[in-house]
Amino acid sequence: MEREKKQHSTLSRRDFLKGTAAGALGAAAAGILGTGMTAFAEEAGTYTPGTYSATAQGIGTVTVTMTFDAESITDVVVDVSEETETIGALYGEELAQQIMDAQNSEIDGVSGATTTSTAAAKAAAACIAQAKGETVEISSNAASSDYEVPDSLTAEEVEASACELGEVTPDETKDFDVVVVGAGAAGVVAAGFAAEAGVSVALLQKEASVVSQGNCGSAIIKSKSTEAGIQKWIHHTNALDDWRADTKLLQAYADNSEEALMWYLNRAGLTSETEYGDGTKVDDNTNCAELLNNGDGLYAYMSTSQDLTGVWSDRLDSYAYGDDHCYFMAPWIGPKPQNVGTVLQIVLDNVAEANSNLEVFYNTPAVQLVMDGDKVTGVIGKDSDGRYIQYNASKGVILATGDYMNNDAMVNRWCPDIADFDKKQYHKTGDGYVLALSAGGKMEPLGHTKMMHDFDSGLMYEEPFLYVNMDGERFTNEYTGFVYMGNILKFQGRYNGNNVDSNHPDGSKGWYCTIYDSDYENWPSDEFVSSMVPAAAMQKYIPGAVENPEGVFDYLIDSYCCDTLEELAENLGIPYDALQASVDRYNELCETGDDVDFGKPAKYMHPIKTAPFWGVRKHIRVSAVCSGVMINENGQALNADGEVIEGLYCVGNLGGPFYGGNDYPFHQTGLSLGRCYTFGMIAGKHAASQE
């Protein structure tokens, strides 16, 4: 469940500089943050040697001074002394190094210091323009830096987003029936359903393409379920949500997810309405790959569909469905590195080609909502040239911008559990939250739900092998399910090695190693330990063992098979003496069958004696924050009094409360993406039907 590991920031809150040559400086600086905006075009030829300075507005003034010889940038200084002390002011040297390394203004920036990053990129672009003899102008159309921060937000939360709450005068106005913000798992589906309903739709995306992660989205198949079984699923899900979900939202998912999933698969060319309609293959796992194959290398490479009946149980909980049934379909689309984002781009392209009433505006973040009293009537977006475009929406605005995992201020207030862990996504700066709350929306008033796991470093995620921290010490009862490992790892130390997020220069939490020997294939299997994966199948997870391994992210695989524990410790980056001591103690406990250290059940205590020895360095990261703005079953945003905010919808991870527990419930694979598809569809239909 992965996107490419490329660190970016987002667009800044203000845009003060604009160039007149080779496009605007807004475009020149827009390479920042993977938005796909046109980067500054370095023309062939020489610079005029010398030192040049330029400023751009961040939180304060950011000054960039650059020295050039005839062919290159030779020195960069970024003065961020006026920026927020604990945010932008920390990254002057890093931003300067990025500019030097890039030899242009197309830098990644620093996630969490977005305003400062973009200001540095814009000032660097101005310096380059001067060195080339090009003209630099100051844009007069910029958001006012004076605005009142709503009580529901903090200035730090706003500044870390792409939003601009100051007064803006649009450069242009466009009229639509529905405006969707965010082209991901919820936004693409919302725009598609609204467009197919016949209304005019604008889809704004701050990236250069569709962006989503993960490979599995699921739906409840009503024809294969009993009515009571579906109600038991709602009760079961709410229990795993710590009884804090709005069951009306769970009911809406149960009623609509089948239609949403099949629409998505159909529009991607992965199945047809005819094939689905005959009902013969929808729940046949053995034919899943045959059914879901677009003939162009994209297919369902795995299915975890399941009929919830009898007694469901994990390692801690159980729930009795009795003779009732709740069937969910869960195809995994890929294989990796292709993911749901790949499929959604195909969906959007196909729907846009078939429906000329749908227009997509890439590289255009939404910076502000347009209000008429308490009603939302449109969105102001900023294009790649830094121009403000007002997109009027006569029927509704659907926010589908994803979560806030890269907005440190929001993380610290709403989900501090994840602050010290690396993130699987970037650019998720809480834009939709800022917009919705600025319009009177209300955040779920509880500690927010997180999803954290590691599907990529190696196979076998749940097996209760020996677990050691990065100091080589055993630290837990390994019978813990991997969904809870993030909570346990909060109390372990940091690790600073390969793939640590650059926003954690001192290392991050979430790292541990699973250790086992070559006898693992002879372990007895039960309902909590999957059939052991043969050693041959695990080779592609060993770095360098297989040339061009398929179905993995090369840079994330982190499994090792070694003849000695000393060699294994070296590969894993843990102290050998500590690992050997942990293995020796573990073997003693296995001999007695009594885990007096951590209490693991005796049947899972298997000694580590037979070479070669296996180890996987696991990296628990944040996949998503799954809580958001209060909504009703139509996806409409609600204010503090529980009343509908007319014209505003919040869907996907931005909408809540669908969950509510400390952790995302893993009783149904693909529920997260399935929920996004479903509420995107619900909101798209509902908005399109408004008078």
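Residues numbered from 1 in each chain as written. Predicted model: local features only at pLDDT ≥ 70, side-chain atom pairs only at ≥ 80, totals over all residues. Heavy atoms only, no water.

### A word on the overall build of the chain
Along the backbone of the chain there are 16 helices and 26 strands. For the chain, the residues scored as buried account for 60% of the 691 residues in total. Nonlocal contacts in the chain, meaning residues at least 24 apart in sequence, comprise 71% of its contacts between residues at least 6 apart. Working note: accessible area of the chain is about 25000 Å², and carbon and sulfur atoms make up 46% of it. (Helix = DSSP H or I, 4+ residues; strand = E, 2+ residues; numbered from the N terminus. Buried < 20%, exposed > 50% of the residue type's maximum accessible area, 1.4 Å probe, protein only. Contact = heavy atoms within 4.5 Å. Areas by Shrake-Rupley, 256 points an atom, 1.4 Å probe, with all protein chains shown as cover.)

### Here's the deal with the sheet that holds strand S21 (residues 613-619)
Taken together, four strands build an open sheet; the order of strands is S18-S19-S21-S20 and the sheet is antiparallel. Looking at which strands have only one partner, the edges of the open sheet turn out to be strand S18 (466-468) and strand S20 (559-562). For this sheet, the mean inter-axis angle between neighbouring strands, taken without regard to orientation, is 25 degrees. Pairing of strand S19 (residues 511-517) with S21 involves seven bridges; the strand directions are antiparallel. (Pairing = 2+ DSSP bridges. Axes fitted to C-alpha atoms, helices over the stretch in contact; angles between N-to-C directions.)

### A few points about the pattern of salt bridges
Using the criterion set out here, one finds 25 salt bridges in the structure. Arg387 is the salt-bridge partner of Asp383, the closest N and O atoms lying 3.3 Å from each other. By relative accessible area, which is 16% here, Asp383 ends up buried. You can call Arg387 partly exposed: its relative accessible area is 26%. A network of salt bridges, in which partner residues are shared, links Glu172, Lys174, Asp383 and Arg387. (Salt bridge = Lys/Arg side-chain N within 4 Å of Asp/Glu carboxyl O.)

### Remarks on helix H15 (residues 576-592)
With 17 residues, H15 extends 25 Å from end C-alpha to end C-alpha; this agrees with the ideal 24 Å at 1.5 Å per step. By the burial criterion, the buried members of H15 are Leu579, Ser582, Val583, Tyr586, Asn587, Leu589 and Cys590. Along the long axis of H15, the arc covered by the buried residues comes to 160 degrees, so they all point the same way. Set apart from the buried face of H15 by more than 90 degrees, the exposed residues are Asp577, Glu591 and Thr592. (Expected span 1.5 Å × (residues − 1). Arc of directions from axis to C-beta.)

### Quick look at the nonpolar core
A general trend in soluble globular proteins is that nonpolar side chains are found buried together. Ranked by size, the top nonpolar core spans 148 residues in total, and within it Val179, Trp233, Tyr264, Leu399 and Leu648 carry the most contacts. The leading source of residues in this core is helix H7 (residues 247-267), at 11 residues. Sequence-distant contacts of Leu399, defined by excluding residues within four places in its chain, comprise Val181, Leu369, Gly432, Leu435, Ala436, Leu648, Tyr649, Cys650, Val651 and Leu654. (Core = buried A, V, L, I, M, F, W, Y, C linked by side-chain atoms within 4.5 Å.)

### Examining the sheet that holds strand S10 (residues 306-313)
Pairing within the open sheet is antiparallel, and its three strands lie in the order S8-S11-S10. Whereas interior strands pair on both sides, the edge strands pair on one side only; in this sheet they are strand S8 (219-220) and S10. Note that S8 and strand S11 (residues 318-329) share two bridges and pair antiparallel. Paired with Ile220 across the strands is Phe328, a residue of S11. With respect to the sheet, helix H6 (residues 227-240) is in contact with S8, S10 and S11, its orientation differing from that of S11 by roughly 105 degrees.

### Notes on the side chain of Asp246
The topology assignment puts Asp246 in the loop between H6 and H7. With near-sequence residues (within four places) excluded, Asp246 lies in contact with Ile631 and Pro657.

### Side note on a negative patch on the surface
Side chains of Asp563, Glu566, Glu567, Glu570 and Asp577 sit close together on the surface and give a patch of like negative charge. Counting residues per element, the negative patch draws most heavily on helix H14 (residues 565-572), which supplies three residues. Checked against the element boundaries, Glu570 lands in helix H14. Taking relative accessible area as the criterion, Glu570 reaches 66% and is therefore assigned exposed. (Patch = residues over 30% accessible without salt bridge, like charges linked within 9 Å, V, L, I, M, F, W, Y side chains within 5 Å. Lys, Arg positive; Asp, Glu negative; His and termini not counted. Charge placed at Lys NZ, Arg CZ, Asp CG, Glu CD.)

### Structural notes on the packing of aromatic side chains
As enumerated under the stated definition, the model contains 29 aromatic pairs in all. Taking 4.7 Å as the distance between ring centres and 35 degrees as the angle between the ring planes, the aromatic pair formed by Phe193 and Trp263 counts as tilted. Of this pair, Phe193 sits in helix H5 (residues 187-196) while Trp263 sits in helix H7, placing them 70 residues apart in sequence. For the pair Phe193 and Trp263, a shared accessibility class is recorded, and that class is buried. Through pairs of rings, three or more aromatic residues link up here, namely Trp233, Tyr253, Trp332, Phe455, Tyr461, Phe482, Phe658, Tyr659, Tyr664, Phe666 and Phe679. (Phe/Tyr/Trp six-rings, centres within 6.5 Å; stacked < 30°, edge-to-face > 60°.)

### What to know about empty space enclosed by the protein
On inspection of all chains with the given rule, the structure shows six cavities of 30 Å³ or more. Roughly 60 Å³ of volume is contained in the second largest cavity. (1 Å grid on protein atoms, 1.4 Å probe; cavity = no way out; pocket = protein on both sides within 12 Å on 5 of 7 lines; lining within 4 Å. Points joined across faces, edges and corners; volume = space filled by probe spheres on them.)

### What to know about the packing of H7 against helix H16 (residues 671-688)
Between H7 and H16, whose axes approach to 7 Å, the crossing angle comes to 90 degrees. Classified by the angle their axes make, H7 and H16 are roughly perpendicular. Note on element contacts: H16 touches H7 through Leu671, Gly674, Arg675, Tyr677, Thr678, Phe679, Met681, Ile682 and Lys685, opposite Leu249, Ala252, Tyr253, Asn256, Ser257, Glu259, Ala260, Leu261 and Tyr264. Its residues assigned to classes, the contact of H7 with H16 comprises 11 nonpolar, four polar and three charged. (Parallel < 35°, antiparallel > 145°, perpendicular 65-115°, else oblique. Nonpolar A, V, L, I, M, F, W, Y, C, P; charged D, E, K, R; others polar.)

### Side note on the confidence of the model for the chain
Summarising the model, the chain shows a mean pLDDT of 87, and 87% of its residues fall at 70 or more. Ignoring residues within four places in sequence, the model shows residues 1-44, a span with pLDDT below 50, making 200 contacts including any to other chains. Scored below 50 in pLDDT, residues 272-291 makes 25 contacts in the model with residues more than four places away or belonging to other chains. (pLDDT = per-residue confidence, 0-100.)

### Digging into the environment of Ala186
Here Ala186 shows up in the loop between strand S6 (172-181) and H5. Looking at Ala186, the relative accessible area reads 5%, which means it is buried. Between the alpha carbons of Ala186 and Ile398 there is a distance of 9.6 Å; along the sequence they are 212 residues apart. Ignoring anything within four residues of it in the chain, the contact list for Ala186 reads Ala400, Val651, Gly652, Cys676 and Gly680.

### Digging into the environment of Glu83
Mapped onto the elements, Glu83 comes out in the loop between strand S4 (73-79) and helix H2 (92-102). Judged by relative accessible area, which is 5%, Glu83 ranks as buried. Considering only alpha carbons, one finds Glu83 and Thr116, 33 residues apart in sequence, at a separation of 7.1 Å.

### So, the state of the cysteines
All chains considered together, the criterion is met by zero disulfides. No disulfide involves Cys561; its sulfur sits 6.7 Å from the nearest other cysteine sulfur, which is in Cys562. (Disulfide = S-S within 2.5 Å.)

### Comments concerning unusual backbone geometry
Omega for the peptide link from Gly334 to Pro335 comes to 5 degrees, which places this bond in the cis form. Its location among the elements puts Pro335 in the loop between strand S12 (331-334) and helix H10 (340-354). Going from Gly656 to Pro657, the amide bond is cis rather than trans, its omega being 0 degrees. Structurally, Pro657 is set in the loop between strand S26 (655-656) and H16. One non-glycine residue, Trp243, lies in positive phi territory at about 60 degrees. Its place among the elements puts Trp243 in the loop between H6 and H7. Phi is positive for Met460, close to 60 degrees, though the residue is something other than glycine. For Met460, a relative accessible area of 9% corresponds to the buried category.

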